[in-house]
Amino acid sequence: MTTRRARNQTATWALEFASSKQNSPLQLRGRVPCHIAARGQPSLNSVQEGRSRSISGMSQTVKEVAITIMTKMNNLPPVSTECCIYRVPEKFRRVNAEAYTPQVISIGPFHHDKTELQSREEIKLRYLKGFLRRIKADLLACTRIIRESEDRIRQCYQENLTQGSDELIEIILVDAVFVVELFIRNHYAEHRDENDEIFSKQWMSNGVFHDVLLLENQVPYFVLEKLYDLTALKTTVTFFKLSYEYFKDVLHGHELAGTRIQVRHLVDYVRALQLPSFPRGMVSKQAKKFELTRSAKELHEAGVKFRQAEGTLSVLDVIFRDGTLEMPHLVVHEWTEVYFRNMIVYEQCHHEYKYISSYAILMDSLIDTPDDIDILIRCGILENQLKSADDVASLINSMYKETMRESSQFFYSNQCEEMNAYSRTRWHQWKAAWYRWKVILNRDYFSNPWSGISVVVAVVLLVLTLVQTACSLMDTYAGDARRLFRRHK
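From a predicted model like this one, the values you see are computed outputs, not experimental measurements.

A.B. asks: Looking at this structure, I do not really get the side chain of N420. What am I missing?
C.D. replies: With respect to the helices and strands, the residue N420 is situated in helix α18 (residues 413-424). Judged by relative accessible area, which is 2%, N420 ranks as buried. Here the side chain of N420 touches L292 through a polar contact of 2.9 Å, landing on its backbone oxygen. In this structure N420 touches E291, L292, T293 and R294, once residues within four positions along its chain are discounted.

Okay, structure coming up:
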């Protein structure tokens, strides 16, 4: 505070010195004619004094504004490399606010004061009580851990947190212990209370799972690990493993090794579960333009085959080779939109490589109608656990809005270019046209046995009519030829 005050005082002195040099009395050249002075007009001295006062007043205002701006610049907090927990930008929130807003429980300072979530604070305190029963330290030791990390915790949040020191320490401690205890009880059913308020109620368990996936509803991951290290369980299972066990049945990602990647918070962890198996940094930098592919139905008509990839670790491992698009299995369920949307926003705010955003764009280009969904389901790429194919198409088509504009950020540029080139060849265009005609025939003329029989009968009659007409023409021409031959003879 003393240093900041000194900087502000120095800025004031510097501006005063600069203004004093600029505001010296004006040296007016020439003299006022005598006849003007004689008529009672202002003298040279009075004109000079009036102008000086006007300029002096204006200079004082400018100086005050400049001092105010410089004070604000001096008071700016330093940009932290720890920042990783962001507010969702309004352009994303407008599409579906519920996908970014906690429904049951708040975690961290952003949504702590929401009235509708206050009733769940008792659940957190009960989880804290259960956590303290199994650790080797007491509540004072837990509080000391948070207090020692307070500055680093504040730097993890995008906003300048308004909570005081004591309030923030309480929020982080109670909420972080809740998450740790939640993961412990998920993995070890014997540690759950008889009437556990979360695991004994399916709707509550689902709601908490939803809220844990939200970008705005996070505490730093290093805090969770420090608190977990107070338990005796750390010798048998890592917190990375506990995190994976909590998410694995829904997100279907690959397990992470504890030393392989640095995780900032749970949304970052969930994103890391989905990262592709290729080395990071292998993005399509050489792509010349932002080119998407055609829909699954159009590609299928042009001869592109779809196949479920096997033995891959990540849903992002998409390969196109020899006319076949191989994609890993993706289950679309009630949480798909929530975790994809929050991962996409986190990528837009924090990460250089937009893996999840690229995948959402690719799926959007492949899916336009329920027919595209049906093709991907038949080949095992998609599994629909929502109500209908229309719901899946609507979900996927709305996820990637305003995420990227540069082709260098789109990981699947090469695959899209190759699929488009494959489908544009003359042979595949003819194949697509034949496929469309076949679809029309099946839909309009062979949709049921009776219509099919009618078409066959009509074709037979048409053929017989043509044969009869041809025979009549042949007889007519043959008779004319014989008569012409007799006449010449």
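More follows now that the structure is in view.
A.B. asks: It is not clear to me how the confidence of the model for the protein should be interpreted in this structure. Could you clarify?
C.D. replies: Segments scoring low in pLDDT should not have their predicted coordinates read at a detailed level. Across the protein, the average pLDDT comes to 81, with 73% of residues at or above 70. In this model residues 21-39 is a low-confidence stretch, pLDDT under 50, and it forms eleven contacts with partners more than four residues away in sequence or in other chains.

A.B. asks: Can you walk me through the packing of helix α12 (residues 266-274) against helix α14 (residues 336-350) in this structure?
C.D. replies: The angle between the axes and the distance between the axes are what describe a pair of packed helices. Their axes nearest at 10 Å, the elements α12 and α14 cross at an angle of 100 degrees. In terms of axis orientation, α12 runs roughly perpendicular to α14. Here α12 contributes V267, D268, V270, R271 and Q274 to the contact with α14, which in turn contributes Y339, N342, M343, Y346 and E347.

A.B. asks: What am I meant to see in the side chain of N217 here?
C.D. replies: Here N217 is to be found in the loop between α9 (202-212) and α10 (221-228). In this structure N217 touches P102, I105, S106, I107, H111 and D211, once residues within four positions along its chain are discounted.

A.B. asks: It is not clear to me how unusual backbone geometry should be interpreted in this structure. Could you clarify?
C.D. replies: Comment: phi is negative for the bulk of residues other than glycine, and the bulk of peptide bonds are trans. Despite not being glycine, D322 shows a phi value in the positive range, around 55 degrees. Structurally, the position occupied by D322 is in the loop between β2 (319-321) and β3 (324-327). A residue is classified by how much of its surface remains accessible, and D322, at 78% relative accessible area, is exposed.

A.B. asks: Even after reading the chapter, I still don't get the nonpolar core, so can you show me in this structure?
C.D. replies: Among soluble globular proteins, nonpolar side chains are generally buried collectively. Core analysis: the biggest nonpolar cluster contains 119 residues, and L227, F247 and Y359 have the highest contact counts within it. For this core, the element with the most residues is helix α8 (residues 165-187), which contributes 13 residues. When neighbours within four sequence positions are excluded, L227 is seen to be in contact with F131, C142, L173, A176, V177 and V180.

A.B. asks: When you look at the sheet that holds strand β1 (residues 305-308) in this model, what are you seeing that I'm missing?
C.D. replies: The strands that make up a sheet pair up through hydrogen bonds in the backbone, lying either parallel or antiparallel. Strand order across the open sheet formed by three strands is β1-β3-β2, with mixed pairing between neighbours. Unpaired on one side and paired on the other, β1 and β2 mark the two borders of the sheet. Ignoring which end each strand starts from, the neighbouring axes of this sheet average 20 degrees apart. Bridging between β2 and β3 involves three bridges; their strand directions are antiparallel. Directly across from F320, in β3, lies its bridge partner L325.

A.B. asks: Help me understand helix α6 (residues 139-148) in this model?
C.D. replies: Within an α-helix, residues lying three or four positions from one another point in the same direction, as the helix has 3.6 residues per turn. Buried residues of α6: A141, C142, I145 and I146, and no others. On an axial view of α6, the arc spanned by its buried residues comes to 140 degrees, and they lie on one face. In α6, those exposed residues whose orientation departs by more than 90 degrees from the buried face are L140 and E148. On its buried side, α6 packs onto α5 (121-134), α7 (150-155), α8 and α10.

A.B. asks: Help me understand the pairing of β3, please; the structure alone is not making it clear to me.
C.D. replies: The two faces of the sheet receive side chains in turn, since in a regular strand these alternate between them. Because side chains alternate across β3, one face comprises the buried residues T324 and E326, and the other comprises L325 and M327, equally buried. With four bridges joining them, β1 and β3 adopt parallel strand pairing. Following the sheet pairing, F306 is matched in β3 by L325. Following β2, the chain reverses through two residues before pairing antiparallel with β3; D322 in that reversal takes a positive phi of roughly 55 degrees.

A.B. asks: Mind showing me how you'd approach the packing of helix α11 (residues 239-251) against α12 here?
C.D. replies: Remark: α11 packs on α12, axes separated minimally by 11 Å, with the N-to-C direction vectors making an angle of 65 degrees. Viewed along their axes, α11 and α12 form a crossing whose handedness is right-handed. Here α11 contributes F240, S243, Y244, F247 and L251 to the contact with α12, which in turn contributes L266, Y269, V270, L273 and Q274. Residue classes in the contact of α11 with α12 are distributed as eight nonpolar, two polar and no charged.

A.B. asks: I would appreciate a short explanation of a nonpolar patch on the surface in the present structure.
C.D. replies: Taken together, the side chains of V65, I69, M73 and L76 present a nonpolar region at the surface, about 400 Å² in accessible area. On the accessibility criterion, I69 (45% relative accessible area) is partly exposed.

A.B. asks: What's the story with the pattern of salt bridges in this structure? I'm lost.
C.D. replies: Pairs may arise between side chains of opposite charge once their charged atoms sit close together. The final tally for this structure, using the stated rule, is 22 salt bridges. Between R126 and E197 there is a salt bridge; the shortest N-O distance is 2.7 Å. Of this pair, R126 sits in helix α5 while E197 sits in the loop between α8 and α9, placing them 71 residues apart in sequence. Residue classification places R126 among the partly exposed residues on the basis of a relative accessible area of 43%.

A.B. asks: Honestly, the packing of aromatic side chains in this entry has me stumped. Any pointers?
C.D. replies: Here a ring pair, both rings aromatic, is described through the centre-centre distance and the interplanar angle of the planes. This model, assessed by the stated rule, comprises 22 aromatic pairs. Arranged with centres 5.4 Å apart and planes meeting at 35 degrees, the rings of F209 and Y246 form a pair that is tilted. Of this pair, F209 sits in helix α9 while Y246 sits in helix α11, placing them 37 residues apart in sequence. Just as F209 is buried, Y246 falls in that class too. Linked through ring pairs, F183, F209, Y221, Y228, F239, F240, Y246, F247, Y269 and W335 together constitute an aromatic cluster. The side chain of R87 reaches across the aromatic face of F110, ending 4.3 Å from its centre.

A.B. asks: Explain the environment of V267 here, please?
C.D. replies: As for its placement among the helices and strands, V267 is situated in helix α12. If near-sequence neighbours (up to four positions away) are discounted, V267 is found in contact with L213, L214, L215, Q218, N342, M343 and Y346.

About the cut-offs
- Residues numbered from 1 in each chain as written.
- Predicted model: local features only at pLDDT ≥ 70, side-chain atom pairs only at ≥ 80, totals over all residues.
- Heavy atoms only, no water.
- Helix = DSSP H or I, 4+ residues; strand = E, 2+ residues; numbered from the N terminus.
- Buried < 20%, exposed > 50% of the residue type's maximum accessible area, 1.4 Å probe, protein only.
- Polar contact = N/O pair within 3.5 Å; in protein donor to acceptor, adjacent residues only side chain to side chain.
- Contact = heavy atoms within 4.5 Å.
- pLDDT = per-residue confidence, 0-100.
- Axes fitted to C-alpha atoms, helices over the stretch in contact; angles between N-to-C directions.
- Parallel < 35°, antiparallel > 145°, perpendicular 65-115°, else oblique.
- Core = buried A, V, L, I, M, F, W, Y, C linked by side-chain atoms within 4.5 Å.
- Pairing = 2+ DSSP bridges.
- Arc of directions from axis to C-beta.
- Left-handed = near helix turned anticlockwise from the far one by under 90°.
- Nonpolar A, V, L, I, M, F, W, Y, C, P; charged D, E, K, R; others polar.
- Patch = residues over 30% accessible without salt bridge, like charges linked within 9 Å, V, L, I, M, F, W, Y side chains within 5 Å.
- Areas by Shrake-Rupley, 256 points an atom, 1.4 Å probe, with all protein chains shown as cover.
- Salt bridge = Lys/Arg side-chain N within 4 Å of Asp/Glu carboxyl O.
- Phe/Tyr/Trp six-rings, centres within 6.5 Å; stacked < 30°, edge-to-face > 60°.
- Lys NZ or Arg CZ within 6 Å of the ring centre and 35° of its normal.

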